[in-house]
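Single-letter residue listing:
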Amino acid sequence: MEELKDVWDIRSFENLSRRQRHLLLYVIGVASIILFYTIVYNTGMRTLEGESHSLFRSFQTVVSTMTTTGYGADSPWLSPWMNLLVVTMQLSGIGIGFFTLRMIVIPLFEQTSLTLDERLTAKNDHVVICEYRRDSDILLDELEQLGIEYVLIDSDRAEAERLSNAGYQVIDGNPEDVDSLTRASIEDATRLVTDAGDQNASIVLSALDMNEGLHVVSLTESTKQNQALKTLGVDTVVSPHVLIGRRLAHKATASVSVPEGTPLGEDVEIRELLIRRGSSLHGVPVEETPFFDHPQLTLVAGWFDGDLRLPPAATDQLTPSTVLVVAGPRDMIDDLSKETSGVRSAREHTNVVVAGAGEGGRAVTDALPANVSVTSIDIEESEGVDIVGDIGDPETLAAAELTEATALVVTVDDDATAVLAIALARSFTDEIEILARVTDDEKVRTAFSAGADYVLSIQRTTARLLAREVYGEDVISPVSQIRLVRIDGAPFVGQSITEANQEAETGWVIIGAERDGTLQTDETTQIREEDIVLVAGTDVMIQKLEQETE
């Protein structure tokens, strides 16, 4: 009875699927016919047969007649018009019976006559996704969390049915076909996402021919196709392996950059704190950490699974891959770090071993600064590979002088090999920082258990990057460094640091107020007109803030 239940769960006609709309119209239609027959029958009995009775009795007689279960005490009828009315009701009942069988009974008990299109809600200004060769559930969950309307076209009928049965907006079909694109309402869509390998070009051309105003995003395994796709009309080309490789390289080397001349004071600093595996803070919301409400410390930002949140929300939960950016007196940061198990300062690495020389591995190597020493390992000999060997072999790691390295970045394609390499590297030394990429989102926990300090899942990260691209946010922004500036305190006069931060837009936060050559970081400090305020934020938000305070 799920189909009937769904009808009552909706809030508006626009939110109904095609199937639900048909069912609702069916119920309204049958009710209208019965009501019409009841009124006509009641009037006929009174004027033609000379019998006056209630509408309820007329209603009962009409239903009995239409369902052919009997005619009650009213039969036979003397008037030819009443007999004609009864015959009409009988024929209507038979017709409605067949329609009910086709519309409700067969689909409910066999599900063979339903097409997935009938489950789609009304679409407009939505995203059409043509294939998705990763974990579709993760991507669709991300889109639904952001409130993005979508239709996924999947050429695998069984997979499309599974997703549709799970409540996702999915149809089966060949995304290259005009018919499939039409069924997905491509003419009313605003964006197109393709992840169909060599079919990307054909899909893009067909879709743009039907809707030239589409914003097109294509996913590719290699950057070699980027230029060709952009020539065809693709607005954004996302290469997950390359983007994740760059993120891993960034986390291995990047830290908060403090501009030369920025007065932090002798005892004040900005530090990145890494939540390591096994930390007591794992799974704890930000508001329950000792850094959140500390009167002398400011929680500036945090990287959560590769996403920069500035400032982090109180409800954001810490994971083993979280990096918190904290500003305040050095001794207080040291004390809290020592008191909290599994937390240490993030390091800038100068000697990095990269395992895997595919697209992701090359992206890591290319993104590392020139002053970082890099040793590349791969199972096959190719340009840029320093050591040829199995990353799961202790001799290979020994040849790479892993014990001398400060970081290991694992970008091999096989998750089992990646987990083995992590465990083996951790057995070599506990001092090295291990950053890894896995394909399956379910392997993230396994990688942490094996000894990784920071893990990104291709499935999860790609879905998040793609969802935010569709949502209209810059997918590269999470890897940008935090920028610090000094601005005049006049706009914040009379407010405490806490009050100013509470009113601040997401994207920047006040660290402290410089007064008489000293940086005041106490959250209760009242900002004066002569103060110089130190602000941390993303490039975009800092530029906006500078323009507003000029």
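Because the structure is predicted, anything quoted here is derived from the model rather than measured. (Residues numbered from 1 in each chain as written. Predicted model: local features only at pLDDT ≥ 70, side-chain atom pairs only at ≥ 80, totals over all residues. Heavy atoms only, no water.)

Chemist: Can you walk me through the sheet that holds strand β15 (residues 407-410) in this structure?
Modeler: The strands that make up a sheet are held in pairs by hydrogen bonds between backbone atoms, and each pair lies either parallel or antiparallel. Spatial ordering of the open sheet is given by β14-β13-β12-β15-β16-β17, a layout of 6 strands whose pairing is parallel. What marks the edges here is a single partner per strand, and that holds for β14 (387-388) and β17 (454-457). Each of β15, β16 (433-438) and β17 is contacted by helix α10 (residues 240-253), which is oriented at about 170° to β16, the strand it contacts most. (Pairing = 2+ DSSP bridges. Helix = DSSP H or I, 4+ residues; strand = E, 2+ residues; numbered from the N terminus. Contact = heavy atoms within 4.5 Å. Axes fitted to C-alpha atoms, helices over the stretch in contact; angles between N-to-C directions.)

Chemist: Any chance you could explain the packing of aromatic side chains here in plain terms?
Modeler: Any pair of aromatic rings gets described here by the distance separating the centres and the angle formed by the planes. Counting across every chain of the model gives 2 aromatic pairs. Judged by centre distance (5.9 Å) and plane angle (50°), the rings of F36 and Y37 are tilted. You can call F36 exposed: its relative accessible area is 52%. Y37 gets classed as buried once you look at its relative accessible area, which sits at 8%. Over the ring of Y150 we find K123, and its NZ or CZ is 5.9 Å from the ring centre. (Phe/Tyr/Trp six-rings, centres within 6.5 Å; stacked < 30°, edge-to-face > 60°. Buried < 20%, exposed > 50% of the residue type's maximum accessible area, 1.4 Å probe, protein only. Lys NZ or Arg CZ within 6 Å of the ring centre and 35° of its normal.)

Chemist: I tried to follow the pairing of strand β13 (residues 373-378) on my own but got confused; where do I start?
Modeler: Consecutive side chains along a regular strand alternate between the two faces of the sheet. Alignment of strand β12 (residues 351-355) against β13, held across 5 bridges, turns out to be parallel. Directly across from V354, in β13, lies its bridge partner S376. For the crossover from β12 across helix α12 (residues 359-367) to β13, the handedness is right-handed. Sheet topology places β13 next to β14; 2 bridges connect them, and they run parallel. Among the inter-strand pairings, I377 is bridged to a residue of β14, identified as I387. (Right-handed = clockwise from strand over helix to strand, strands pointing away.)

Chemist: Can you help me understand a negative patch on the surface in this one?
Modeler: A contiguous patch of negative charge, built from D488, D516, E529 and E530, is present on the exposed surface. Structurally, E530 is set in the loop between β20 (518-520) and β21 (532-537). Taking relative accessible area as the criterion, E530 reaches 55% and is therefore assigned exposed. (Patch = residues over 30% accessible without salt bridge, like charges linked within 9 Å, V, L, I, M, F, W, Y side chains within 5 Å. Areas by Shrake-Rupley, 256 points an atom, 1.4 Å probe, with all protein chains shown as cover. Salt bridge = Lys/Arg side-chain N within 4 Å of Asp/Glu carboxyl O. Lys, Arg positive; Asp, Glu negative; His and termini not counted. Charge placed at Lys NZ, Arg CZ, Asp CG, Glu CD.)

Chemist: In this structure, what is going on with the pattern of salt bridges? I would like to understand it.
Modeler: Opposite charge on two side chains permits them to pair, given that their charged atoms come into close proximity. Within this structure, the stated rule accounts for 19 salt bridges. D172 is paired through a salt bridge with R183; the nearest N and O atoms lie 3.8 Å apart. Remark: R183 occurs in helix α7 (residues 178-183) and D172 occurs in strand β3 (residues 170-172); sequence separation between them is 11 residues. Across the salt bridge formed by R486 and E514, the nearest N and O atoms sit 2.9 Å from each other. Separated by 28 residues along the polypeptide, R486 in strand β18 (residues 483-488) and E514 in strand β19 (residues 508-515) bring together distant segments of the chain.

Chemist: Help me understand the sheet that holds strand β5 (residues 215-219), please; the structure alone is not making it clear to me.
Modeler: A sheet is described by the order of its strands in space; here 6 strands give the open sequence β3-β2-β1-β4-β5-β6, paired in parallel fashion. Taken across any chain shown, the strands that pair with only one partner, and hence form the sheet edges, are β3 and β6 (236-238). The sheet shows a mean angle of 20° between the axes of neighbouring strands, taken without regard to direction. Of the strand pairs in this sheet, strand β1 (residues 127-130) and strand β4 (residues 191-194) are connected by 4 bridges, and their pairing is parallel. Across the sheet, C130 pairs through a bridge with T194, a residue of β4. Where helix α6 (residues 157-165) meets the sheet, it contacts β2 (150-154) and β3, and its direction lies at approximately 160° from that of β3.

Chemist: Where do I start with the environment of Q227 in this structure?
Modeler: With respect to the helices and strands, the residue Q227 is situated in helix α9 (residues 226-232). The spatial distance from the C-alpha of Q227 to the C-alpha of V237 is 8.9 Å, given a sequence separation of 10 residues.

Chemist: I tried to follow the packing of α10 against helix α16 (residues 458-471) on my own but got confused; where do I start?
Modeler: Their axes nearest at 10 Å, the elements α10 and α16 cross at an angle of 100°. Here α10 is positioned roughly perpendicular relative to α16, judged by the angle of their axes. Only I458, T461, T462 and L465 of α16 make contact with α10, whose side of the interface consists of P240, H241, L243, I244 and R247. Residue composition of the contact of α10 with α16, by class: 5 nonpolar, 3 polar and 1 charged. (Parallel < 35°, antiparallel > 145°, perpendicular 65-115°, else oblique. Nonpolar A, V, L, I, M, F, W, Y, C, P; charged D, E, K, R; others polar.)

Chemist: Even after reading the chapter, I still don't get the side chain of T121, so can you show me in this structure?
Modeler: Residue placement: T121 occurs in the loop between α4 (80-109) and β1. Taking the relative accessible area as the measure of exposure, T121 reaches 18% and is therefore buried. A distance of 3.1 Å separates a polar atom in the side chain of T121 from a polar atom in the side chain of K123. (Polar contact = N/O pair within 3.5 Å; in protein donor to acceptor, adjacent residues only side chain to side chain.)

Chemist: Whenever I open this one, the environment of P285 confuses me. Can you help?
Modeler: Looking at the secondary structure, you find P285 in the loop between β7 (268-275) and β8 (298-304). For P285 and L318, which are 33 residues apart along the polypeptide, the C-alpha to C-alpha distance reads 6.1 Å. Apart from the residues lying within four places of it in its own chain, the contact partners of P285 are A314, T315, D316 and Q317.

Chemist: Sorry if this is basic, but what is going on with unusual backbone geometry here?
Modeler: The phi torsion of most residues other than glycine is negative, and most of the peptide bonds are trans. With phi around 60°, S185 is a residue other than glycine that occupies positive phi space. For S185, the location among the structural elements is in the loop between α7 and β4. Its identity as a non-glycine residue notwithstanding, E401 has a phi of 55°, on the positive side. What makes E401 exposed here is its relative accessible area of 52%.

Chemist: For this particular structure, what's the right way to read the confidence of the model for the protein chain?
Modeler: Low pLDDT marks regions whose predicted coordinates should not be analysed in detail. For the protein chain, per-residue confidence averages 81 on the pLDDT scale, and residues scoring 70 or more make up 85% of the total. Segment residues 474-480: pLDDT under 50, and 15 contacts once partners within four positions in sequence are set aside and those in other chains are kept. (pLDDT = per-residue confidence, 0-100.)

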